[in-house]
Amino acid sequence: MVLDPDGEAIGAREREEQYQPGFLSSLTKLNIEVIARLRDHRPAGARDRLRLAAYDETIRFNILLAGDRTCVAQPYLPHARGVEAPTLLIRNTSGPGGLYPVFEQVYQALAGRSRPL
C-alpha cells in the first residue's frame, strides 16, 4: 500500500516536510508505475500475490508483511527519511504476544480502508 498521491494526506506530508506541492505526489506516482509494471510482468499466478493499493491517512509506519512470518516496519519520523529512521525486523512467533500481530493488525486495518490500484 502506498499513500494516495491524489489524497489530502500526501499534501499534509508535503507541507510538514516543507516540500513543494506535488513533489511527493509525483514520486509516489512514479513508484506506483514501477510496482504496477513489475506486477504486470509476473506470471499469471504470481500477479495475484503482489497487491497494490492506496490509502489517504496520516503515515505512522511503513509496513511490509512477507508471508505470515516476517514483518519489516519503519516508523515515519518527521524530517527523517529512509536510513535516518530505524527499521524493525519482526518475526512471527507461535507464542502469545509479540509485535508481529500488532503490525499485522495495523496493516490489515489500512488494507481494509484502501483502494486497489
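Reading the values: rules and limits
Residues numbered from 1 in each chain as written. Predicted model: local features only at pLDDT ≥ 70, side-chain atom pairs only at ≥ 80, totals over all residues. Heavy atoms only, no water. Helix = DSSP H or I, 4+ residues; strand = E, 2+ residues; numbered from the N terminus. Buried < 20%, exposed > 50% of the residue type's maximum accessible area, 1.4 Å probe, protein only. Areas by Shrake-Rupley, 256 points an atom, 1.4 Å probe, with all protein chains shown as cover. Lys, Arg positive; Asp, Glu negative; His and termini not counted. Charge placed at Lys NZ, Arg CZ, Asp CG, Glu CD. Patch = residues over 30% accessible without salt bridge, like charges linked within 9 Å, V, L, I, M, F, W, Y side chains within 5 Å. Salt bridge = Lys/Arg side-chain N within 4 Å of Asp/Glu carboxyl O. Core = buried A, V, L, I, M, F, W, Y, C linked by side-chain atoms within 4.5 Å. Contact = heavy atoms within 4.5 Å. Pairing = 2+ DSSP bridges.

**Section: the overall build of the protein chain**
Consideration 1: The helix and strand inventory of the protein chain stands at four helices and six strands.
Consideration 2: Along the chain direction, N to C, the helices and strands of the protein chain fall in the order β-α-α-α-β-β-β-β-α-β.
Consideration 3: Projected onto its principal axes, the C-alpha positions of the protein chain cover 45 × 35 × 25 Å.
Consideration 4: Within the span of the protein chain, comprising 117 residues, buried residues form 32% of the whole.
Consideration 5: About 8,000 Å² of surface is accessible on the protein chain, with carbon and sulfur atoms providing 54% of the total.
Consideration 6: Looking at the protein chain, you have 15 positive and 14 negative side-chain charges, and the mean spots of the two groups are 7 Å apart.

**A few points about a nonpolar patch on the surface**
Consideration 1: Together, L64, V72 and L89 give the surface a local cluster of nonpolar side chains, amounting to about 270 Å² of exposed area.
Consideration 2: Considering the arrangement of structural elements, one finds V72 in strand β4 (residues 70-75).

**As for the nonpolar core**
Consideration 1: Of all hydrophobic cores here, the largest spans eight residues; its members are L3, A9, I10, L24, Y55, I59, Y76 and L110.
Consideration 2: Contacts of Y76, omitting those with residues within four sequence positions, involve R13, E16, E17, I59, R60 and F61.
Consideration 3: Of all hydrophobic cores here, the second largest spans seven residues; its members include I63, Y100, F103 and Y107.

**Section: the sheet that holds strand β1 (residues 2-3)**
Working definition: the strands of a sheet are paired by backbone hydrogen bonds and lie parallel or antiparallel to each other.
Consideration 1: Here three strands make up an open sheet; going across it, the order is β1-β2-β6 and the pairing mixed. Edge strands, defined here as strands with exactly one partner in the open sheet, are β1 and β6 (115-116).
Consideration 2: Strand direction decides the pairing type here: β1 and strand β2 (residues 53-55), joined by two bridges, are parallel. Its bridge partner being in β2, V2 is matched across the sheet by A54.

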